[in-house]
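Now for the letters of each chain:
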Amino acid sequence: MTEDQLLRMATREEIRQFYHEEYKTREIPKYITKNIHRREFAFDRIGKGPRDRFNQFRELKYLERTIKAKAPFAAYSSVALYDDPTKRSGWDGAEMVFDVDAKDIPIRTCNCKQGEVCPECLEQAKEIILLIRDNIQELGYKNIHYVYSGRGYHLRIQDPELLQTNSNFRTELVNYVLGAEVPELTGELQHFIIPFGYSKIYTNWFKYTINHLDKNKKYPGFSKNLKNDIIKRKELVNKNQWGLVRGEIKPTRYDKITRSIAGIHKELCDTKVSIDLKRILRLPSTLHYKVSMKCTAIKNIETFDPFDDAVPNFIAK
Amino acid sequence: MKTSYLNPFGQAALNVLKNFGNITRISQKEPHINEIITNTRNQDPKKIDTIQELCYEKIRYYYTRQANNKTSGYKYLFSQALEEEDIISTHALLQAAAITYGTQSYEADTIINTITSILDVKLDQTTDTIMDETLNEYIDIHNTTLNDIILLINNNEIKLNELLLNKDKLILTYDDFIREYSEYLQHRRPENMYQAVCTSMKKHLLRALITEKLRNYMKTIENKLKQIEPATIITEIGHQIKKIQNAEQEMVIKRRYGKNVNFTSFDDDNPTKYIPEAFPPCVQKALHGIKSGGRNYCISLFLTPFLSYARLYPGVYARHIKNPKITDMDPTLTITEEEIIPLIYEAASKCKPPLFQDQPQEKQNINSKLGFGEGEIKYENSGKTPWYTPINCKNIKEQQPGLCTPCQDCKKIGNPLSYYNRKRKLLAKSGGKG
Ligand code: SF4
Ligand SMILES: [Zn+2]
């Protein structure tokens, strides 16, 4: 199997073949099947996005029948539970999701063109998801599940106290976990002086981002000079010589970097997905036809490799 | 100092209320109020001798501060000697706003802002011990989790990254701070670090807790209203709230527009008169209405956001205010109803066929794009849906290519609103009228 056979678009025929020959609903995670009748399901039937919405299935076998019969371009289920999914009424909580899409990582180190993904950026997406996970666990959340979406990763948090929170809270949580705002500190304090709490999270992402900047790429909020000045001091950053970095770059320009970096952090995942209380997400077990990969519920994120664990048979053969 | 200096709902404050007795007493003359004012350091002389008058003074203070005017006439409002009168007037104001206008009203928001703006000053004058004691009237400072205060974040009263959390536990006390973090503080004095990190957090938290309580208190009052008749004095204060509001707002607006507009300093974060000469070609075209096909896009999706932001908040893209509400910029909705809506409706009526003739429901869609959800243009509906920001050129070219007939100036911009902002400044420089 060579690289260019991977990550290509599936034909209509291959999609049908996938659903007829190898599709298994038992690959849908339990957290979806156990309350299947309370979730909204949606399908992309003609390759133009999930237009067939508001579907409800009382039992798994009906979902299976529909998916096999329709062999849809894509299938989705809601992160929310409803009393009546066919009207999306009686909203009763929603999982909180972090969605890292390899093609949208603002600091990709690979040479992918816009819209493309490759093994390298997929690996980076996983790296980012794991960093997000660490920060979420720091806040004490425990009930975390992962899904390989085909072009990136979903992290789904299901701790009960989170399910009922609204979009304000979720925006705050995203900003916190991603270090997407410059810490507001009093007086002479700087984020790097406080190695705990939110400042620590921000500083860790700061390091990660600086280490993934590329001299030859453009980043919003960075002039060429500003970008080169900080890249030049990457080693100092890695050695935690922050005072030196800030002094050499000059405090006002350093402040500018802290804001631009925060802006990059905010793009690391798709914030819209995280704050949407009625979002639909690609259904694990189904096919992402644009890359011919299986959207897969992940048992062990550390060892998961999409090219072993998420390749459909029609490609693997 | 006591916790009742900050907290109008603690046990001490409630005792004050009980001892005061009947609320109608607030219109009685209390000569000692004036004595205290006279004795407050650096206080301009003033004659106030009832708690009722104190209520009105508070609102005036709020607007004075809003307008960045001198507040030296209001120093006595933070005096500990007036603590009891402060508590009583706070309750009177909350009751008056809740009873006369309801909790979702602009007036209720004004009162909440009035009270918290006074609280802010007091918090800066408070010792750590009093702050801890007051916090303890709401939460257990030794043992509070994120989940305990999750509502404050849901309601936007406080930001998550303002909180110091260890796992899900809030670190508020010096003991907790040292236990968790002393190993990281080798080169610094722990007391100083604690002060620097935790004091501002505690202020924010206390402010948020009290604000939340103010809102809940108003809700209780509003519900009780169904059973009991409010005292006339409270209704009187209610009417006075609106009067002061109108008078003070006029002052603010005069300050803003009274002078000749200075073109070198555009204030794009505030309402600004239309400069139609600076509208981009697409907007000019849309204002003349279009023929069937794409009328909804043109009027509701394209023109409505453009005209509302251009008039109320042209600088939206330069700022990063999340989810602005139209009432943040136009609280009385006068500009919206008297200037923006008429322009939109006029363009709609110039379409062929006139848009509302066959699609009357489109009016509702326009309201929802302005953020009023499924409701009418009313203060309490504002923010039910997002206030749509103007569509960019790329989308217009894709969706409604006929609208876009770019001119020279279009090369420099990606959004009609940026066109408008840039062009206004160019016109101003070249001496064009504005
Ligand atoms: S380029 Fe943009 S601003 Fe200019 S006419 Fe087209 S849509 Fe309007
Ligand atoms: Zn790549």
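Before reading on, note that the structure itself is shown above.
Not measured: the values here are computed from a predicted model. (Residues numbered from 1 in each chain as written. Chains lettered and ligands numbered in written order. Predicted model: local features only at pLDDT ≥ 70, side-chain atom pairs only at ≥ 80, totals over all residues. Heavy atoms only, no water.)

Focus on the interface of chain B and chain A
And then number 1: In this assembly, 25 residues from chain B lie in contact with 23 residues from chain A.
And then number 2: For the pair chain B and chain A, the summed buried area comes to about 2,200 Å², and 61% of that belongs to carbon and sulfur atoms.
And then number 3: Interface area lost by chain B to chain A is led by B:N154, B:L160 and B:N161, which between them contribute 26%.
And then number 4: Scanning the region where chain B abuts chain A turns up two salt bridges.
And then number 5: A salt bridge links B:K159 to A:E181, with the shortest nitrogen-to-oxygen separation between them at 3.1 Å.
And then number 6: At the junction of chain B with chain A, the criterion picks out ten residue pairs in polar contact (both at pLDDT 80 or more).
And then number 7: Of the residues forming the side of chain B that touches chain A, the biggest block, four residues, is contributed by helix 9 (residues 190-224) of chain B.
And then number 8: Counted by class, the side of chain B that touches chain A contains 13 nonpolar, seven polar and five charged residues. (Contact = heavy atoms within 4.5 Å. Buried area = accessible area lost by both parts, 1.4 Å probe. Salt bridge = Lys/Arg side-chain N within 4 Å of Asp/Glu carboxyl O. Polar contact = N/O pair within 3.5 Å; in protein donor to acceptor, adjacent residues only side chain to side chain. Helix = DSSP H or I, 4+ residues; strand = E, 2+ residues; numbered from the N terminus. Nonpolar A, V, L, I, M, F, W, Y, C, P; charged D, E, K, R; others polar.)

Looking at the packing of aromatic side chains
And then number 1: This structure, assessed with the given rule, holds 35 aromatic pairs over all chains.
And then number 2: Where A:F206 meets A:W242, the ring centres are 5.2 Å apart and the plane angle is 85 degrees; that geometry is what we call edge-to-face. Separated by 36 residues along the polypeptide, A:F206 in helix 7 (residues 197-211) and A:W242 in helix 10 (residues 242-249) bring together distant segments of the chain. The residues A:F206 and A:W242 share a single accessibility class, namely buried.
And then number 3: Aromatic rings pair up to connect A:F196, B:Y174, B:F177, B:Y181, B:Y184 and B:Y194 into one cluster.
And then number 4: The ring of B:F20 has B:R25 sitting right over it, with the charged end atom 4.2 Å from the ring centre. (Phe/Tyr/Trp six-rings, centres within 6.5 Å; stacked < 30°, edge-to-face > 60°. Buried < 20%, exposed > 50% of the residue type's maximum accessible area, 1.4 Å probe, protein only. Lys NZ or Arg CZ within 6 Å of the ring centre and 35° of its normal.)

As for the packing of helix 1 (residues 11-20) of chain B against helix 4 (residues 83-101) of chain B
Helix packing geometry: the angle between the two helix axes and the distance between the axes.
Residue and element names in this part refer to chain B.
And then number 1: Running from N to C, helix 1 and helix 4 point in directions that differ by 85 degrees, and their axes come no closer than 10 Å. When the interaxial angle is binned, helix 1 and helix 4 end up roughly perpendicular. Where helix 1 abuts helix 4, its residues A13, V16, L17 and F20 lie against E84, I87, I88 and H91.
And then number 2: In terms of residue class, the contact of helix 1 with helix 4 is made up of six nonpolar, one polar and one charged. (Axes fitted to C-alpha atoms, helices over the stretch in contact; angles between N-to-C directions. Parallel < 35°, antiparallel > 145°, perpendicular 65-115°, else oblique.)

Topic: the layout of surface pockets
Residue and element names in this part refer to chain A.
And then number 1: If you add up the space inside the second largest pocket, you get close to 560 Å³.
And then number 2: Taken together, 27 residues line the second largest pocket, and the ones lying closest to its centre are Y76, D101, R151, R282 and H288.
And then number 3: If you list the elements that add at least two residues to the lining of the second largest pocket, you get strand 3 (74-78), strand 6 (96-101) and strand 9 (280-282).
And then number 4: With three residues, the single largest contributor to the lining of the second largest pocket is strand 9. (1 Å grid on protein atoms, 1.4 Å probe; cavity = no way out; pocket = protein on both sides within 12 Å on 5 of 7 lines; lining within 4 Å. Points joined across faces, edges and corners; volume = space filled by probe spheres on them.)

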